[in-house]
Amino acid sequence: MGLDYAAVEKEVCKKMTAETIVSMIRILVFPGALFLFTLAFFYEWVDRKFFARLQNRYGPLHTGPHGILQPIADFFKLLSKEDITPHASDKLVFILAPIFYFALPLTTLFVIPILSQTSLISFEGDLIFVIFAFTLIIITVFLAGWSSINRFSTIGSMRAAVQMLGYEIPMGLVMVGPAIAAGSLSISRIVEWQSLNFWLILLQPLGFAVFTVCLLAELQFVPFDIPEAETEIVAGWRTEFSGRKLALLRLGRDLELVLASALITSLYLGGSQQFWLIPPIVIFLVKTTFAVMLLSLLRAVFARFRIDQMLSGMWKYLLPLAALQIILIQLGLGG
Amino acid sequence: MNLFKWARTKSPWIIHFNTGGCNGCDIELTAALTPRFDLERFGILLEGSPRHADVLVVTGPVTLQVKDRLVRIYEQMPEPKHVIATGTCAISGAPFKECYNVHGGIDIVLPVDAYVPGCPPKPEAIIDGISKLIQKIKKE
């Protein structure tokens, strides 16, 4: 056999490198990390600006056109500041917690379809992975506050952990709703199912409402900003973080906002689907911007609950509503 | 102008500390932050924790009681940091000057970057003081 092994090997290597480069670009640049950072900064601006307009203010105005560069200015300023590690803190956890808090939402965003109907990483059961990642984020918050050895941080982290007991179960229950309807635990399949049938917000409006309320608690937005209540416990679990660590925490919060809006979009608003000639990515961005504005609207019109009110409200009203939604789906309504 | 200096001039976050004034300046500072004047236009946010803040806005004279606490708050802030003395009390001690329980103005204890006179200063005056501080940061 006169097979030229060297040539075949060369061919295979060439193909492999081309594939590796393409997948590296997809993960690092578009629609991966770099694109998601830009989106995170943009949505922080949308959130702050919309929040300010609801309060009859202007919000960021003089940093770039209409203040659009404000989150980037904040980020670079924090990067250039002194990075203090308190003497009494648990140093390893204190340094690692901001990195995890920023890396977890970023990783989770890879399973959400952005560019087309299939995501970067898609497998059967990635919905379970998202629920698990949400729990891990709150555990990171708890560790961040606990490791600072500061009385305000400790109170804040305990509140974050207690709050998790309230909203975790209704959120998990309600996220199963779209999965039952689509007959799959993969987010990409749920998006695909919605493009063939109806948007799930029309079939499961109750589930959408419960999910939005739970996401407010997950993001620690105003009715549920109990873990970092500024008027009570300084800055809650992030009191001791400064400089680079605070910059990472803020970026992590913004990525979490992107994740929350992307989840609302993918599970209930039809996700990134082609509409007429408009590419799916544009549809996705429009829908997520709408979701961010919905979240900041709710943030602006409510006042903070106490921790006991939040817990009893979640268990008394939200959990039965979530269960009712699942029962309705089982009875053949909305599935 | 390099990136970090631009970022610093565009987002000075303030922390507010009353060392024992009459609350007049505090009301005016709050007015500067609320919708009518809206300091967030310039990227200025009010932070609760000294670890997050860049500018310490002090109102009131330094009393014997509060001196150590003021210095401690200042030391907890990360570098680079700035101080604004708001109101006549914070500048010199004003009516409380040479009282048995008062040290005097803020600059006895801390390095002050900008003074905003007035009793109390208007919100416009406070915004003007902060913009002068930003000019100072630009020249550094």
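Remember, predicted model here, so these are calculated numbers, not experimental data.

1. Focus on the overall build of chain B
Line of reasoning, step 1. Counting secondary structure elements, chain B contains 5 helices and 6 strands.
Line of reasoning, step 2. In chain B, the order of α-helices and β-strands from amino to carboxyl end is α-β-α-β-β-α-β-α-β-β-α.
Line of reasoning, step 3. Against the globule reference of 14 Å for 140 residues, chain B gives a C-alpha radius of gyration of 14 Å, in line with a compact fold.
Line of reasoning, step 4. In terms of overall dimensions, chain B has C-alpha extents of about 50 × 30 × 25 Å along its principal axes.
Line of reasoning, step 5. The buried share of chain B, taken over its 140 residues, is 52%.
Line of reasoning, step 6. A sequence separation of at least 24 residues applies to 79% of the contacts in chain B between residues at least 6 apart.
Line of reasoning, step 7. Positive and negative side-chain charges in chain B, numbering 16 and 15 respectively, have mean positions lying 4 Å apart.

2. Looking at a nonpolar patch on the surface
All names here are of chain A.
Line of reasoning, step 1. A contiguous nonpolar patch, built from Ile21, Met24, Ile25, Ile27, Leu28, Val29, Phe30 and Leu34 and spanning about 700 Å² of accessible area, is present on the exposed surface.
Line of reasoning, step 2. For the nonpolar patch, the element with the highest residue contribution is helix α1 (residues 5–28), accounting for 5 residues.
Line of reasoning, step 3. Mapped onto the elements, Leu28 comes out in helix α1.
Line of reasoning, step 4. According to the relative accessible area criterion, Leu28 is partly exposed, its value standing at 47%.

3. Details of the pairing of strand β2 (residues 55–59) of chain B
Residue and element names in this part refer to chain B.
Line of reasoning, step 1. Buried residues dominate β2, accounting for 5 of its 5 residues.
Line of reasoning, step 2. Neither face of β2 is exposed, since Val55, Val57 and Thr59 on one face and Leu56 and Val58 on the opposite face are all buried.
Line of reasoning, step 3. Bridge analysis of strand β1 (residues 14–18) against β2 gives 5 bridges, and the strand direction is parallel. Bridge assignment links Asn18 to a residue of β2, and that residue is Thr59.
Line of reasoning, step 4. The handedness of the β1 to β2 crossover, carried by helix α2 (residues 24–33), is left-handed.
Line of reasoning, step 5. Bridge count for β2 against strand β4 (residues 82–86) is 5 bridges, and the pairing is parallel. In the sheet register, Thr59 faces β4, and the bridge partner there is Thr86.

4. A few points about the nonpolar core
Residues and elements named next belong to chain A.
Line of reasoning, step 1. Membership of the largest hydrophobic core comes to 81 residues, with the highest contact counts inside it found for Tyr167, Phe211 and Leu263.
Line of reasoning, step 2. Per-element tally for this core: the top contributor is helix α11 (residues 243–268), with 14 residues.
Line of reasoning, step 3. When near neighbours in sequence (up to four residues on either side) are disregarded, Phe211 contacts Met171, Val174, Met175, Leu263, Ile264, Leu267 and Tyr268.

5. A short note on the sheet that holds strand β6 (residues 114–116) of chain B
All names here are of chain B.
Line of reasoning, step 1. Ordered by their spatial adjacency, 4 strands build an open sheet running β1-β2-β4-β6, and the pairing between neighbours is parallel. Each of the sheet's edge strands pairs with one partner strand only, and the pair in question is β1 and β6. For this sheet, the mean inter-axis angle between neighbouring strands, taken without regard to orientation, is 20 degrees.
Line of reasoning, step 2. Its contacts with the sheet put helix α3 (residues 67–76) on β1, β2 and β4, and the angle it makes with β2 is roughly 165 degrees.

6. A short note on the confidence of the model for chain A
Line of reasoning, step 1. Across chain A, the average pLDDT comes to 86, with 99% of residues at 70 or higher.
Line of reasoning, step 2. Mean pLDDT per element in chain A: α1 of chain A is the minimum at 78, and α11 of chain A is the maximum at 91.

7. Description of the side chain of Ser11 of chain B
Line of reasoning, step 1. Among the structural elements, Ser11 of chain B can be located in the loop between α1 (3–10) and β1.
Line of reasoning, step 2. Owing to a relative accessible area of 0%, Ser11 of chain B belongs among the buried residues under this scheme.
Line of reasoning, step 3. Polar contacts involving the side chain of Ser11 of chain B include one to the side chain of Asp74 of chain A, which spans 3.1 Å.
Line of reasoning, step 4. When sequence neighbours within four positions are dropped, the list of residues in contact with Ser11 of chain B reads Gln70, Ala73, Asp74 and Lys77 of chain A together with Gly43 and Asp54 of chain B.

8. Notes on the interface of chain A and chain B
Interfaces are often sized by the accessible area lost when the parts come together.
Line of reasoning, step 1. Counting residues at the interface gives 33 residues for chain A, matched by 28 residues for chain B.
Line of reasoning, step 2. When the area that chain A buries against chain B is broken down by residue, the three leading residues are Arg57, Lys77 and Lys81 of chain A, summing to 23%.
Line of reasoning, step 3. At the junction of chain A with chain B, the criterion picks out 6 salt bridges.
Line of reasoning, step 4. One salt bridge connects Glu40 of chain B with Arg57 of chain A, and the closest N-O pair in it is separated by 2.6 Å.
Line of reasoning, step 5. Every element with two or more residues in the side of chain A that touches chain B is listed here: α3 (70–80) and α11 of chain A.
Line of reasoning, step 6. Among the elements that take part in the side of chain A that touches chain B, α3 of chain A stands out by supplying 8 residues, more than any other.
Line of reasoning, step 7. Here the side of chain A that touches chain B is built from residues that sort into 14 nonpolar, 9 polar and 10 charged.

Thresholds, definitions, all that
- Residues numbered from 1 in each chain as written.
- Chains lettered and ligands numbered in written order.
- Predicted model: local features only at pLDDT ≥ 70, side-chain atom pairs only at ≥ 80, totals over all residues.
- Heavy atoms only, no water.
- Helix = DSSP H or I, 4+ residues; strand = E, 2+ residues; numbered from the N terminus.
- Rg over C-alpha atoms; globule rule 2.2 N^0.38 Å.
- Buried < 20%, exposed > 50% of the residue type's maximum accessible area, 1.4 Å probe, protein only.
- Contact = heavy atoms within 4.5 Å.
- Lys, Arg positive; Asp, Glu negative; His and termini not counted.
- Charge placed at Lys NZ, Arg CZ, Asp CG, Glu CD.
- Patch = residues over 30% accessible without salt bridge, like charges linked within 9 Å, V, L, I, M, F, W, Y side chains within 5 Å.
- Areas by Shrake-Rupley, 256 points an atom, 1.4 Å probe, with all protein chains shown as cover.
- Salt bridge = Lys/Arg side-chain N within 4 Å of Asp/Glu carboxyl O.
- Pairing = 2+ DSSP bridges.
- Right-handed = clockwise from strand over helix to strand, strands pointing away.
- Core = buried A, V, L, I, M, F, W, Y, C linked by side-chain atoms within 4.5 Å.
- Axes fitted to C-alpha atoms, helices over the stretch in contact; angles between N-to-C directions.
- pLDDT = per-residue confidence, 0-100.
- Polar contact = N/O pair within 3.5 Å; in protein donor to acceptor, adjacent residues only side chain to side chain.
- Buried area = accessible area lost by both parts, 1.4 Å probe.
- Nonpolar A, V, L, I, M, F, W, Y, C, P; charged D, E, K, R; others polar.

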